[in-house]
There are 2 protein chains.
Amino acid sequence: MIEGIDPRLEGQLAFIQELDRLKGVLRQTRVLDGARQENSAEHSWHLAICAMLLAEHAPPGTDLLRVLRMVLVHDVVEIDAGDAFAYDAVVNVGKEEREQLAAERIFGLLPADQAKELRALWMEFEEGATPDARFAVALDRLQPLLLNFHGQGGSWRYHAVTADRVRVRMAPIQEGAPGLWPLVLRLLDEAVARGFLLPAAIIADTG
Amino acid sequence: MIEGIDPRLEGQLAFIQELDRLKGVLRQTRVLDGARQENSAEHSWHLAICAMLLAEHAPPGTDLLRVLRMVLVHDVVEIDAGDAFAYDAVVNVGKEEREQLAAERIFGLLPADQAKELRALWMEFEEGATPDARFAVALDRLQPLLLNFHGQGGSWRYHAVTADRVRVRMAPIQEGAPGLWPLVLRLLDEAVARGFLLPAAIIADTG
């Protein structure tokens, strides 16, 4: 609280200050030199770069400004709720409730109009039902795929994830960025061929 | 190089992969818990958040989409050229030449049309002559000011920087985001009052 600052600006500054904490939320994915885990702030930036660069692969009618704003705030709830590793079912229990509470608190720091707008944009990403959200979700799946591939397996290797599970996880790309789906299939095949990713689990034939 | 990937997409992916290295370029500014230096990828994300939130303080005619694209790539040349601490004159010698070479190499990874467009956007930021660039530059000054203020002095304290030098450094905010200038003056006064920042150096009276 600084005396003499307009309350609206004070709310905006409080949000900007609070968001600094996203730099301390660690993801399972590793940065490419492998030295450490990526944090959610860096990930959000890298995702925004992907959106800028790959916009031509978005479905018709996608609004890049909305997509950028969406990806920039898509992970802010992790400040309270943490990053739940996608392939771990246990830590994902109760995730939605935790994230809703976090959204209320964190977006609630903003002036009411901005709080409402950004929370709705975050919710739109979560629901993934509009073209903008579908494209944003597709990139949110593609970015760690690229890091894991170029990082010779990265978090896949560490957690012994199989190709069939990654393929299911990547499915939103098929609809959200259809032009990138052949790339995904090619990278998964290549990742298995190079030993970065385990092939599909073999189901014991008990028949 | 992955067989069967379209060369245009391959260039886009090479750029996205290369940009991961910005997560390893350290700035003098520290994250708010003080535990470590901020890296340029996180800084770029935080700057984009500032642009989104503070757009109402931009000069008339500012295009937020262009500003966001500009701030997202404004520091990529640091992958080759490093981050030069603003208050260190020595490390800033030759900075422009190093950065031009870096821009040629890094943006050159992209397909020609995107390389040309993004390099021009980066150059526009460097020159700071358009309303979009002036707003982006203003935020690039404001974001470390906020971190240093909320971090009880942060890199100012570490480098014994004085208030008069910070005020000169912040001058682009007066033109690029005039609505935020009173905030800057208020924060500088308060930073001196709280002992986060040294007052102006006293010039010995030799008369």
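Quick notes on the rules
- Residues numbered from 1 in each chain as written.
- Chains lettered and ligands numbered in written order.
- Predicted model: local features only at pLDDT ≥ 70, side-chain atom pairs only at ≥ 80, totals over all residues.
- Heavy atoms only, no water.
- Core = buried A, V, L, I, M, F, W, Y, C linked by side-chain atoms within 4.5 Å.
- Buried < 20%, exposed > 50% of the residue type's maximum accessible area, 1.4 Å probe, protein only.
- Contact = heavy atoms within 4.5 Å.
- 1 Å grid on protein atoms, 1.4 Å probe; cavity = no way out; pocket = protein on both sides within 12 Å on 5 of 7 lines; lining within 4 Å.
- Points joined across faces, edges and corners; volume = space filled by probe spheres on them.
- Helix = DSSP H or I, 4+ residues; strand = E, 2+ residues; numbered from the N terminus.
- Nonpolar A, V, L, I, M, F, W, Y, C, P; charged D, E, K, R; others polar.
- Pairing = 2+ DSSP bridges.
- Lys, Arg positive; Asp, Glu negative; His and termini not counted.
- Salt bridge = Lys/Arg side-chain N within 4 Å of Asp/Glu carboxyl O.
- Least-squares fit on C-alpha atoms with pLDDT ≥ 70 in both.
- Axes fitted to C-alpha atoms, helices over the stretch in contact; angles between N-to-C directions.
- Parallel < 35°, antiparallel > 145°, perpendicular 65-115°, else oblique.
- Left-handed = near helix turned anticlockwise from the far one by under 90°.

Trainee: Let's hear about the nonpolar core: which residues, and what values?
Mentor: Ranked by internal contacts, the top residues of the largest apolar core, which has 136 residues, are L142 of chain A together with L142 of chain B. For L142 of chain B, the contacting residues outside a window of four places in its chain are L54, I173, L180, L183 and V184 of chain B.

Trainee: Pulling in residues and values, what's your account of empty space enclosed by the protein?
Mentor: Gaps between atoms show up when a probe of the same size as a water molecule is rolled over them. Considering all chains together, one arrives at two cavities of 30 Å³ or more under this definition. Considered as a void within the structure, the largest cavity measures approximately 40 Å³ in volume. The wall of the largest cavity is formed by L32, H46, Q143, L146, L147 and H150 of chain A together with I16 and Q17 of chain B. Broken down by secondary-structure element, the contributors of at least two residues to the lining of the largest cavity are α7 (131–150) of chain A together with α1 (7–19) of chain B. Looking at the lining of the largest cavity element by element, the count peaks at four residues for α7 of chain A. Considered class by class, the residues forming the lining of the largest cavity number four nonpolar, four polar and no charged.

Trainee: For the pairing of strand β1 (residues 26–30) of chain A, give the residues involved together with the corresponding values.
Mentor: Where a strand is regular, its side chains alternate between the two sheet faces. All names here are of chain A. Bridge count between β1 and strand β2 (residues 37–39): two bridges; the pairing is antiparallel. Each bridged residue has a counterpart across the sheet, and for R30 the counterpart in β2 is Q37. Following β1, the chain reverses through six residues before pairing antiparallel with β2; G34 in that reversal takes a positive phi of roughly 80 degrees.

Trainee: Go over the side chain of D75 of chain A with me, naming the residues and quoting the values.
Mentor: Residues and elements named next belong to chain A. Its place among the elements puts D75 in the loop between α3 (64–73) and α4 (78–81). It turns out D75 is buried and unbridged, and the closest side chain with the opposite charge, R27, is 4.1 Å from it. Each residue touching D75, except ones within four places of it in the same chain, is listed here: L22, R27, S40, H43 and S44.

Trainee: Before we move on, can you summarise the relation of the copies chain B and chain A with the specific residues and values?
Mentor: Note on the copies: chain B fits chain A at an RMSD of 0.0 Å, the axial shift is 0.0 Å, and the rotation between them is 180 degrees. Read as a symmetry element, the transformation amounts to a two-fold axis. Looking at the interface residues of chain B, 100% of them are also at the interface in chain A, so both copies use one shared face.

Trainee: Outline the packing of helix α5 (residues 95–107) of chain B against helix α6 (residues 112–127) of chain B, supporting the account with residue identities and numerical values.
Mentor: Residues and elements named next belong to chain B. Following both chains from N to C, one finds α5 and α6 inclined at 155 degrees, their axes separated by 9 Å at the closest point. As the angle between them shows, α5 and α6 are arranged roughly antiparallel. As for the relative orientation of α5 and α6, their crossing is right-handed in sense. Counted together, E99, Q100, A103, E104 and F107 of α5 and A115, L118, R119, W122, M123 and E126 of α6 form the full contact between these two elements.

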